[in-house]
Amino acid sequence: MTNILNPTFAAYVEGQLKKAVQIATAHGALMVMETKPCQSTGEQPNGEPWPQDSTARQDAYNALLHKVAAQHPGQVYVQDLNSYVCPGGNYTQDLDGVPVRESDGSHFDMEPGGGGDYLAPAILPYWVELGHLQEARTNGASVPSGSLPRFFAPQ
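Definitions and limits used
Residues numbered from 1 in each chain as written. Predicted model: local features only at pLDDT ≥ 70, side-chain atom pairs only at ≥ 80, totals over all residues. Heavy atoms only, no water. Disulfide = S-S within 2.5 Å. Helix = DSSP H or I, 4+ residues; strand = E, 2+ residues; numbered from the N terminus. Buried < 20%, exposed > 50% of the residue type's maximum accessible area, 1.4 Å probe, protein only. Phe/Tyr/Trp six-rings, centres within 6.5 Å; stacked < 30°, edge-to-face > 60°.

Attention now moves to the state of the cysteines. Under the counting rule described, the total for this entry stands at 1 disulfide. For Cys38, the disulfide goes to Cys86, at an S-S distance of 2.0 Å. Torsion about the S-S bond of the Cys38 and Cys86 cystine: about -105 degrees, corresponding to left-handed handedness. Taken together, the positions of Cys38 in the loop between β1 (31–34) and α2 (55–70) and Cys86 in the loop between α3 (81–85) and β3 (94–95) put the pair 48 residues apart, joining distant regions of the chain. On the basis of relative accessible area, Cys86 is assigned to the buried category, the value being 1%.

And the structure:
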């Protein structure tokens with residue numbers, strides 16, 4: 001067993017992220033990657049949180065995501081899902097009274113009126129903006145480089 005805090009495994013994950021970017025952008029497409037949100041899958045029998053819930057692991061993955069995206073300015077963008085669904089860096093199952101997380105503490109609630117319905121209006125406008133940029137690029141217009149504005153700000 002290993003995890004992303006192991007430098008060898010972190011290098012593997014970084015290589016896989018690079019491969020994903022290479023495949024997704026091979027024909028000029030723009031790409032958006034979401035940061036890994038916090039999670040809380042419960043307690044081990046000894047009362048400690050499970051290792052996969054570690055903020056250090058989450059931060060290591062998100063740092064790799066940003067590193068890989070930075071190698072492709074104007075083509076790969078990062079949207080900060082973590083800041084949105086984990087206000088103040090804290091796990092919550094509900095946002096504004098809406099159940100956005102499943103009871104497993106990891107997955108998003110996709111029931112009608114749940115997480116998908118709540119998160120889509122915050123996340124998808126960014127993707128639409130990327131689509132407009134892609135369309136402009138395809139039609140020969142200049143495409144700005146750097147970060148696009150996020151449609152939600154960290155809490």
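Enumeration over the complete set of coordinates arrives at 2 aromatic pairs. Measuring from centroid to centroid gives 6.2 Å for Tyr84 and Tyr118, while their planes differ by 20 degrees, and the two rings are stacked. Of this pair, Tyr84 sits in helix α3 while Tyr118 sits in helix α4 (residues 115–138), placing them 34 residues apart in sequence. Like Tyr84, the residue Tyr118 is buried in the burial classification.

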